[in-house]
Amino acid sequence: MILVLRRDITPEQLDHLVERVAELGFQTHISRGEHKTIVGIIGDDNKPQAETLAAIPGVESVLRVTKPYNLASREMHPADTIVEVRHVKVGGGHLAMIAGPCAVESREGLDRIAGFVKRAGANILRGGAFKPRTSPYSFQGLGEAGLQILREVGDEHGMPVVTEIMDPRQLELVLKYSDMAQVGARNMQNFDLLKEIGATKIPVLLKRGMSATVKDLLMSAEYILAGGNPNVILCERGVRSFEDSTRNMLDLSAVPNVKGISHLPIVVDPSHATGRPDLIPSMAMASVAAGADGVHIEVHDCPEKAMSDGPQAVLPDDYIALMKQLRILADVLHRQF
Ligand code: PEP
Ligand code: MN
């Protein structure tokens, strides 16, 4: 439910409204727009009686949100949300250029790659320290030592850092060392993890599960928002399909689709979506053209020695060339990074 407030509502009436809604057993979420202030009623949407709410002084009208994801919906929050990852703004015309290796492997290696991507214009450094691998025998990440390296290298290059979290038990470390927590495709519906992250304010890069619908993705975002953490950035990274010449099938229509129904920023990860360095540049360009709030690309200077996802890594020179193209495109579209 959404309450549209009268323009002449007094601060006392607004306080009363919040109290009254709390008495009815719901939370409120106030959103002040240019022309209207609206109050979202958070809770089971079937319960509050529209007539009861309409009778509260200062309420102009009561609207039922048509989506099950209240807080993530554009109805609740008409303007684009801008998430700040340290000094880097994401959304509302600001592009996140997230780049780095799949995994943190060594200090020297990450430092070299960070230097390349920073010079190319990347504004957020990525690197996994906890890796979700299909095989238990594959490299699982350096853990806390990897997080320390990521933090130090990020600071040296003046870049905020993002790293994957797989389990609530890793939250303390991820909060200590990184500026944004990535919830990977395999954990998009790890609801306990989403709740724990929702209780913090750390920006979250929430990746679409490999068989998740757009609605599922937004419902997962809702878990984080409902916990009180507004800093959610969505990520389209392809879904499983019958096509086997690419790692996944990139659903680019998800970008304008999500933008129509949600205020949250959405970036695209063409690396995991295609798994192919020859396809990543064109899909990155297409993503920005489709309205994405950034791209997330894995870069490695020696893919053959990479400890994970080497075959899909873009080489530094190719990343630099791509970023030149992306800058031209961003200028044309009046977006910036
Ligand atoms: C990753 O970013 O390295 C990763 C494992 O991504 P995804 O969850 O999209 O597979
Ligand atoms: Mn990877």
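First, a word on scope: everything that follows refers to the structure included in this document. Nothing here was measured: the structure is a model prediction, and the numbers come from that model. (Residues numbered from 1 in each chain as written. Chains lettered and ligands numbered in written order. Predicted model: local features only at pLDDT ≥ 70, side-chain atom pairs only at ≥ 80, totals over all residues. Heavy atoms only, no water.)

**Focus: the coordination of the manganese ion (ligand 2)**
In this structure, Cys102 (SG), His272 (NE2), Glu298 (OE) and Asp309 (OD) serve as the protein donors to the manganese ion (ligand 2), at separations of 2.0 to 2.4 Å. In primary-sequence terms, the residues that donate to the manganese ion (ligand 2) follow C-x169-H-x25-E-x10-D. One end of the pair, histidine 272, is in helix H9 (residues 270-274); the other, glutamate 298, is in strand S14 (residues 294-298), with 26 residues separating them in the sequence. According to the relative accessible area criterion, glutamate 298 is buried, its value standing at 1%. (Donors = N, O, S within 2.8 Å, 3.2 Å for Na, K, Ca; no water. Helix = DSSP H or I, 4+ residues; strand = E, 2+ residues; numbered from the N terminus. Buried < 20%, exposed > 50% of the residue type's maximum accessible area, 1.4 Å probe, protein only.)

**Examining the sheet that holds strand S2 (residues 27-32)**
As summarised here, the arrangement of the four strands in space is S2-S3-S1-S4, forming an open sheet in which the pairing is antiparallel. At either margin of the open sheet sits one strand with a lone partner, and together these are S2 and strand S4 (59-63). Averaged over all pairs of adjacent strands, the angle between their axes in this sheet comes to 25 degrees, without regard to strand direction. Across six bridges, the pairing between S2 and strand S3 (residues 37-42) is antiparallel. Across the sheet, residue serine 31 finds its bridge partner in S3, namely isoleucine 38. On top of the sheet, helix H1 (residues 11-23) reaches strand S1 (2-5), S2, S3 and S4; it is set at about 145 degrees to S2, its chief contact. (Pairing = 2+ DSSP bridges. Axes fitted to C-alpha atoms, helices over the stretch in contact; angles between N-to-C directions. Contact = heavy atoms within 4.5 Å.)

**What to know about the pairing of S3**
If a strand is regular, its side chains alternate between the two faces of the sheet. In terms of residue burial, S3 counts as a mostly covered element, since five of its six residues are buried. In this sheet, S3 lies alongside S1 in antiparallel orientation, the contact comprising three bridges. Bridge pairing in S3 places valine 4 opposite isoleucine 38. Hairpin connection between S2 and S3: a loop of four residues separates the two successive antiparallel strands.

**Details of the packing of aromatic side chains**
Going through the model one piece at a time under the given rule, you end up with one aromatic pair. Centre to centre, the rings of phenylalanine 191 and tyrosine 223 are 4.6 Å apart; their planes meet at 25 degrees, and the pair counts as stacked. With phenylalanine 191 in helix H6 (residues 191-198) and tyrosine 223 in helix H7 (residues 214-226), this pair connects stretches of sequence that are 32 residues apart. Note on phenylalanine 191: relative accessible area 32%, which makes it partly exposed. Of the residues examined, tyrosine 223 reaches a relative accessible area of 32% and is grouped as partly exposed. (Phe/Tyr/Trp six-rings, centres within 6.5 Å; stacked < 30°, edge-to-face > 60°.)

**Examining the site of ligand 1**
Taken together, 13 residues lie near ligand 1, and Arg126, Gln182, Ala185, Lys207 and Arg237 sit nearest. Here arginine 237 contributes a side-chain N or O atom positioned 2.7 Å from an oxygen atom of ligand 1. Isolated, ligand 1 exposes 300 Å² of accessible area, and the fraction of that covered by the protein chains is 98%. Here the shell around ligand 1 is composed, by residue class, of three nonpolar, three polar and seven charged. (Near = heavy atom within 4 Å. Polar contact = N/O pair within 3.5 Å; in protein donor to acceptor, adjacent residues only side chain to side chain. Areas by Shrake-Rupley, 256 points an atom, 1.4 Å probe, with all protein chains shown as cover. Nonpolar A, V, L, I, M, F, W, Y, C, P; charged D, E, K, R; others polar.)

**Things to note about the side chain of asparagine 248**
Position of asparagine 248 relative to the elements: it lies in the loop between strand S12 (232-236) and helix H8 (254-261). You can call asparagine 248 buried: its relative accessible area is 5%.

**A look at unusual backbone geometry**
Peptide bonds are trans in most cases, and residues, glycine excluded, mostly fall at negative phi. Even without being glycine, arginine 86 reaches a positive phi, approximately 55 degrees. Its location among the elements puts arginine 86 in the loop between strand S5 (83-85) and strand S6 (88-90). Its relative accessible area of 47% is what places arginine 86 among the partly exposed residues. Here the phi dihedral of aspartate 309 falls at roughly 55 degrees; this positive angle occurs in a residue that is not glycine.

**Thoughts on the pairing of strand S11 (residues 204-207)**
Neither face of S11 is open: one carries Val204 and Leu206, the other Leu205 and Lys207, and all of them are buried. Bridge count between strand S10 (residues 180-183) and S11: three bridges; the pairing is parallel. Residue pairing in the sheet places alanine 181 in a bridge with valine 204 of S11. Note that the unit made of S10, H6 and S11 has a crossover that is right-handed. Relative to S12, S11 is paired through four bridges, and the arrangement is parallel. (Right-handed = clockwise from strand over helix to strand, strands pointing away.)

These figures come from the coordinates and say nothing about function on their own.
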